[in-house]
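Fold and contact review
If you want the building blocks of each chain, they are given just below.
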Amino acid sequence: MRRIICYLLLLVSANSVADISVITNINNGIDSVSRQKVQDIFMGRSRSFPEGNFALPLDLNPLRSEFYFKLTGRPVEQINAYWARIMFSGQASPPTMLPDEQTLLKTIRENTGAIGYIDSNHVDKTQVRVLFILK
């Protein structure tokens, strides 16, 4: 049993992304944001970038669990429970869930205030602006 658990842990860690880049539209006037600001935007505590422009957070289905764990230190189940409470109280809505990187990149290119995340190995800095990197 112990070997099976070790094997599964190795398999999961081998498939995990080394770094996740938090990105926005190339024409967004911001060069970077703090980890706390990223957390505030993605957890619904803030709806704007530091300079005051509206922020449209986008979740990426394949990376969502790893992103929130790296950002908050909490498993995605706790994030889901958090959003269930917030939505029930009517305080905010969770980030829009997108199915793949292509859809995420297209949405970010079309919306100046969009903010999302992607595997750092797939970032094209001519298409998007990197605001923060989660390691």
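Preceding this paragraph is the structure being described.
Report follows, based on the coordinates. (Residues numbered from 1 in each chain as written. Predicted model: local features only at pLDDT ≥ 70, side-chain atom pairs only at ≥ 80, totals over all residues. Heavy atoms only, no water.)

Taking burial as the measure, the nine residues of helix H3 (residues 64-72) include seven buried ones, the bulk of the element. After H3 finishes, the residue Gly 73 shows a positive phi value of roughly 80°. (Buried < 20%, exposed > 50% of the residue type's maximum accessible area, 1.4 Å probe, protein only. Helix = DSSP H or I, 4+ residues; strand = E, 2+ residues; numbered from the N terminus.)

We now examine the side chain of Arg 64. Mapped onto the secondary structure, Arg 64 falls in helix H3. If near-sequence neighbours (up to four positions away) are discounted, Arg 64 is found in contact with Asp 59, Val 76, Ile 79, Asn 80, Met 97 and Tyr 117. (Contact = heavy atoms within 4.5 Å.)

What follows concerns the sheet that holds strand S4 (residues 114-119). Taken together, five strands build an open sheet; the order of strands is S3-S2-S4-S1-S5 and the sheet is mixed. Each having just a single partner strand, strand S3 (96-98) and strand S5 (128-134) make up the two edges of the open sheet. Each strand axis lies, on average, 30° off the axis of its neighbour in the sheet, ignoring direction. Pairing between strand S2 (residues 56-60) and S3: three bridges, direction parallel. Across the sheet, the residue bridging to Leu 58 is Thr 96, located in S3. On the sheet, helix H5 (residues 101-110) packs against strand S1 (20-25), S2, S3, S4 and S5 and is oriented at approximately 150° with respect to S4. (Pairing = 2+ DSSP bridges. Axes fitted to C-alpha atoms, helices over the stretch in contact; angles between N-to-C directions.)

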